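Structure assessment
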Amino acid sequence: NIPGRAELIRLILAYAGEPFQNKTLSKQEFDIIKGDLPYGQVPVLEQEEDLEGDILAQSMAIARYLAEKHNLVGFDEFDRAHADEIVDAMNDVEQILAGLVAEAMTIEDAMEKMSGSLGNLERRLTLRGGQFFAGNTITWADLYFTGTVLLLRKLQASKILNQYPRLRNLNKRICALPNIKSWIDTHWVI
């Protein structure tokens, strides 16, 4: 039971305190609706106020939309670019984790591959003041990082963070935010 690409979306909504219905599907349920989905995949975002039944697809498009809606993109265009940079770097880390989840590599191989990416993230975080990845304020990039750390914990690979004290500190602070803590406490069994 791996949270997948929708976890960033859930963390953004949890952080914002926006109520949402989190639907998870069995393979059988997914197979039934797959043909009705814009790209034949989940997640999708449906909004109650949308009377035409239009849905937004693709996890990063949904996350970016919600980040903008809930002011999680920084203070200006350059902050937004910094956040996007980190999100792109996190996508690289997530690709490595996908190989681990698919059992295409061992934890040791995944940790070795991730070490370069995490080192780069630690340096970027340090360069930007050490508190947040963009604009010295929480952004969706910070939430994405935390979602990835939660997945690392679930996969029993979070010890890799021991080498990166600023990343560990960022994750600890994000996890302590009341709405994030509540989400983790009620939805994550680690």
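Note that the structure is predicted; figures quoted are calculated from it, not measured.

Criteria and cut-off values
Residues numbered from 1 in each chain as written. Predicted model: local features only at pLDDT ≥ 70, side-chain atom pairs only at ≥ 80, totals over all residues. Heavy atoms only, no water. Helix = DSSP H or I, 4+ residues; strand = E, 2+ residues; numbered from the N terminus. Buried < 20%, exposed > 50% of the residue type's maximum accessible area, 1.4 Å probe, protein only. Contact = heavy atoms within 4.5 Å. Areas by Shrake-Rupley, 256 points an atom, 1.4 Å probe, with all protein chains shown as cover. Lys, Arg positive; Asp, Glu negative; His and termini not counted. Charge placed at Lys NZ, Arg CZ, Asp CG, Glu CD. Phe/Tyr/Trp six-rings, centres within 6.5 Å; stacked < 30°, edge-to-face > 60°. Lys NZ or Arg CZ within 6 Å of the ring centre and 35° of its normal. Expected span 1.5 Å × (residues − 1). Axes fitted to C-alpha atoms, helices over the stretch in contact; angles between N-to-C directions. Parallel < 35°, antiparallel > 145°, perpendicular 65-115°, else oblique. pLDDT = per-residue confidence, 0-100.

Remarks on the overall build of the protein
Looking only at helices and strands, the protein has 8 helices and 2 strands in total. For the protein, the succession of helices and strands along the chain, N to C, is α-α-β-β-α-α-α-α-α-α. Seen through its C-alpha atoms, the protein measures out along the principal axes to roughly 45 × 40 × 30 Å. Here the protein, with 190 residues, has 42% of them falling under the buried criterion. For the protein, restricting intrachain contacts to residue pairs at least 6 apart in sequence, the fraction spanning at least 24 positions comes to 68%. In the structure as shown, the protein presents an accessible area of about 10700 Å², 49% of it carried by carbon and sulfur atoms. Side-chain charges of the protein comprise 20 positive and 27 negative groups, with the mean position of each set lying 8 Å from the other.

A few points about the side chain of His82
Secondary-structure assignment places His82 in helix H4 (residues 77-101). Among the residues examined, His82 registers a relative accessible area of 16% and is labelled buried. Setting aside residues no more than four positions away along its own chain, His82 makes contact with Arg128, Phe133 and Ala134.

So, the environment of Gln156
Relative to the helices and strands, Gln156 resides in the loop between helix H6 (140-154) and helix H7 (165-176). The class for Gln156 is exposed, based on a relative accessible area of 66%. Between the alpha carbons of Gln156 and Ile107 there is a distance of 8.3 Å; along the sequence they are 49 residues apart.

A closer look at the packing of aromatic side chains
Two aromatic rings, taken as a pair, are described by how far apart their centres are and by the angle between their planes. Applying the stated criterion to the full structure yields 2 aromatic pairs. Measuring from centroid to centroid gives 5.6 Å for Phe20 and Trp183, while their planes differ by 45 degrees, and the two rings are tilted. With Phe20 in the loop between helix H1 (7-16) and helix H2 (27-33) and Trp183 in helix H8 (residues 178-187), the pair connects residues that are 163 residues apart, well separated along the chain. Among the residues examined, Phe20 registers a relative accessible area of 31% and is labelled partly exposed. Geometrically, the ring pair formed by Phe133 and Phe145 is edge-to-face, given 5.8 Å between the ring centres and 75 degrees between the ring planes. Of this pair, Phe133 sits in the loop between helix H5 (107-127) and H6 while Phe145 sits in helix H6; the two residues are 12 residues apart in sequence, bridging distant segments of the chain. Just as Phe133 is buried, Phe145 falls in that class too. One Lys or Arg, Arg173, reaches over the ring of Phe132 and ends 5.1 Å from the middle of that ring.

Things to note about H6
Between its first and last C-alpha, H6 extends 21 Å over 15 residues, near the 21 Å set by a 1.5 Å rise per residue. A large share of H6 lies buried, amounting to 13 of its 15 residues. Backbone geometry just after H6 places Gln156 at a positive phi near 60 degrees.

Structural notes on the packing of H7 against H8
The geometry of H7 relative to H8 is characterised by a closest axis approach of 5 Å and an angle of 85 degrees between their N-to-C directions. By the angle class used here, H7 and H8 are roughly perpendicular. Together, Ile174, Cys175 and Ala176 of H7 and Pro178, Ile180, Lys181 and Ile184 of H8 make up the contact between the two elements.

Here's the deal with the confidence of the model for the protein
Counting all residues, the mean pLDDT for the protein is 90, and 95% of those residues have values of 70 or more. H7 holds the highest mean pLDDT among the elements of the protein, 97, whereas strand E1 (residues 44-46) holds the lowest, 90.

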